[in-house]
Amino acid sequence: MSDNEKTFFASWHPESADTCNDDTHCLVCRPGGDVLVRSDTTVGFPELMEPVSSLPEWQRLCIGTLDGRSVMLISAPLDAGAPQGYLWANIRPLLNGLDAGRLEALCRASMLASWDYDHRYCGRCGTLTLQDSKESARVCPSCRHRSYPRVSPAMIVRITNGSKILLAHNQRFPDGVYSCVAGYVEPGETLEQTVLREIKEEVGLEAAPPCYLSSQAWPFPHSLMLGFETTATGEPIPDGEEITEARWFFPDNLPHIPRHGTIARWLIDDWLEDIGYLK
Ligand SMILES: [Zn+2]
């Protein structure tokens, strides 16, 4: 992915969560990937334009700075209703078209909102937990168990063979859309082992040792997509469950592929550039 100039810097400040002024970017999130947006403006960066005092007493947390201004996450409970003039929107389409800094801020806010709500109670002893004052963690005041924000690594891989690329249709995709093979890392695996296992499982091919290329936060609800490339030969055999079709494609005969802004699209476009097809 492109290396844009850095405008967002992550931090964690529960103690300053009450200091919210006109200069603060306020993002209101609900567990599961919902973001509060104005009913009449459902695109763009969904920061709150009204005073925070207009909202119920939802949990607040300063999560970083964007363009030099504080970013506050206001974390609403799962069953929170939307205030007058607002509605809850899914984060996924909102990420389209955001610059790198806003994208990072919104991904962090959404991921922290889900994690914070899901760890209100200690997983060991059931006591209500507290936000740690110094680092991104919730701590149990009874048994001292600490819970850190969860990031689940997943890999996505570009498989090529000379001037052909292997793309697969997942049964969850819209009709006619093909993408790169992807899957979650299992406990105990290296990323490279995950890549080779997923290729074998999903399309039945033995691939060459993969090389890492780039990554993308994937807050649905708490993943990190790690992009690889490798080569393989032979005819793919879809697993018939997750993958219903898989084929080799030439650059001039590509099917519908994922939208711009996704790492899948970047992997495909980067290859098209490499082979001189996309200038
Ligand atoms: Zn505990």
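All figures in this text were calculated on a predicted structure; none of them were measured in a lab. (Residues numbered from 1 in each chain as written. Predicted model: local features only at pLDDT ≥ 70, side-chain atom pairs only at ≥ 80, totals over all residues.)

Student: Can you walk me through the overall build of the protein chain in this structure?
Tutor: Looking only at helices and strands, one finds 4 helices and 15 strands in the protein chain. Expressed along its principal axes, the backbone C-alpha trace of the protein chain runs to roughly 60 × 45 × 30 Å. Expressed as a percentage of its 279 residues, the buried residues of the protein chain come to 35%. Look at the contacts in the protein chain between residues 6 or more apart in sequence, and 65% of them connect residues 24 or more apart. (Helix = DSSP H or I, 4+ residues; strand = E, 2+ residues; numbered from the N terminus. Buried ≥ 20, exposed ≤ 12 C-beta atoms within 10 Å, placed from the backbone. Contact = placed C-beta atoms within 7 Å.)

Student: Looking at this model, I keep getting lost on helix α3 (residues 191-203). Mind explaining?
Tutor: An α-helical segment advances 3.6 residues per turn. Residues three or four places apart therefore align on the same side. Taking 1.5 Å as the rise per residue, α3 with 13 residues should run 18 Å; its terminal C-alpha atoms sit 18 Å apart, in good agreement. Burial in α3 covers these residues: Thr 194, Val 195, Leu 196, Glu 198, Ile 199, Glu 202 and Val 203. Turning to α3, the residues buried within the fold contact β10 (152-161), β11 (164-170), β12 (181-184), β14 (223-231) and β15 (243-249). Within two residues after α3, Gly 204 carries a phi angle of roughly 70°, on the positive side. (Expected span 1.5 Å × (residues − 1).)

Student: Quick question: what am I supposed to make of the domain arrangement of the protein chain here?
Tutor: One widely used convention gives an interface's size as the accessible area the parts lose upon coming together. Looking at the assigned domains, one finds that the protein chain contains domain 1 (8-118), domain 2 (120-149) and domain 3 (152-274). Placing a centre on the C-alpha atoms of domain 1 and another on those of domain 2 gives a separation of 22 Å. Each partner contributes residues to the interface: domain 1 has 8 residues there, and domain 2 has 6 residues. In terms of residues, the side of domain 1 that touches domain 2 owes the most to one element, helix α2 (residues 100-118), which gives 4 residues. (Domains from an automatic or database assignment.)

Student: Is there a simple way to think about the sheet that holds strand β5 (residues 69-75) in this case?
Tutor: In a beta sheet, neighbouring strands are held together by backbone hydrogen bonds and run either parallel or antiparallel to one another. The strand order across the open sheet formed by 6 strands is β1-β4-β5-β2-β3-β6, and the pairing between neighbours is mixed. Pairing within the sheet leaves two strands with one partner each, and these edge strands are β1 (8-13) and β6 (86-90). The average undirected angle you get between the axes of adjacent strands in this sheet is 35°. Sheet analysis places strand β3 (residues 34-38) next to β6, joined by 5 bridges and oriented antiparallel. (Pairing = 2+ DSSP bridges. Axes fitted to C-alpha atoms, helices over the stretch in contact; angles between N-to-C directions.)

Student: How should I be thinking about unusual backbone geometry in this particular structure?
Tutor: Glycine aside, negative phi is the norm for most residues, and most peptide bonds take the trans geometry. In this structure, the amide linkage connecting Phe 220 to the following residue, Pro 221, adopts the cis form with an omega of 5°. A positive phi angle, near 50°, is found at Asp 67, a position not held by glycine. Topologically, Asp 67 is positioned in the loop between β4 (59-66) and β5. Since 12 C-beta atoms lie within 10 Å of it, Asp 67 is described here as exposed. Phi is positive for Arg 144, which is not a glycine, with a value near 70°. Along the chain, the position of Arg 144 falls in the loop between β8 (138-139) and β9 (146-147).

Student: Explain the sheet that holds β8 here, please?
Tutor: Taken together, 3 strands build an open sheet; the order of strands is β7-β8-β9 and the sheet is antiparallel. Of all the strands in the sheet, just β7 (130-131) and β9 have a single pairing partner and so form its edges.

Student: Mind showing me how you'd approach the pairing of β10 here?
Tutor: Every other side chain in a regular strand lies on the same face of the sheet, so the side chains alternate between the two faces. Examined bridge by bridge, β10 and β14 share 9 bridges and lie parallel to one another. Note that in β14 the partner of Ile 156 across the bridge is Gly 227. Looking at chain direction, β10 and β12 are connected through 4 bridges and run antiparallel. Across the sheet, Val 157 pairs through a bridge with Val 181, a residue of β12. Pairing between β10 and β11: 3 bridges, direction antiparallel. Opposite Ile 159, over in β11, you have Leu 166 as the bridge partner.

Student: Explain the environment of Pro 141 to me, please; I cannot follow it from the model alone.
Tutor: Here Pro 141 is to be found in the loop between β8 and β9. Judged by the 10 C-beta atoms lying within 10 Å of it, Pro 141 is exposed. In the structure, Pro 141 is positioned 11 residues away from Leu 130 in sequence and 7.2 Å away in space, judged by C-alpha atoms. Apart from residues no more than four positions distant in its own chain, Pro 141 is found in contact with Thr 127 and Leu 130.

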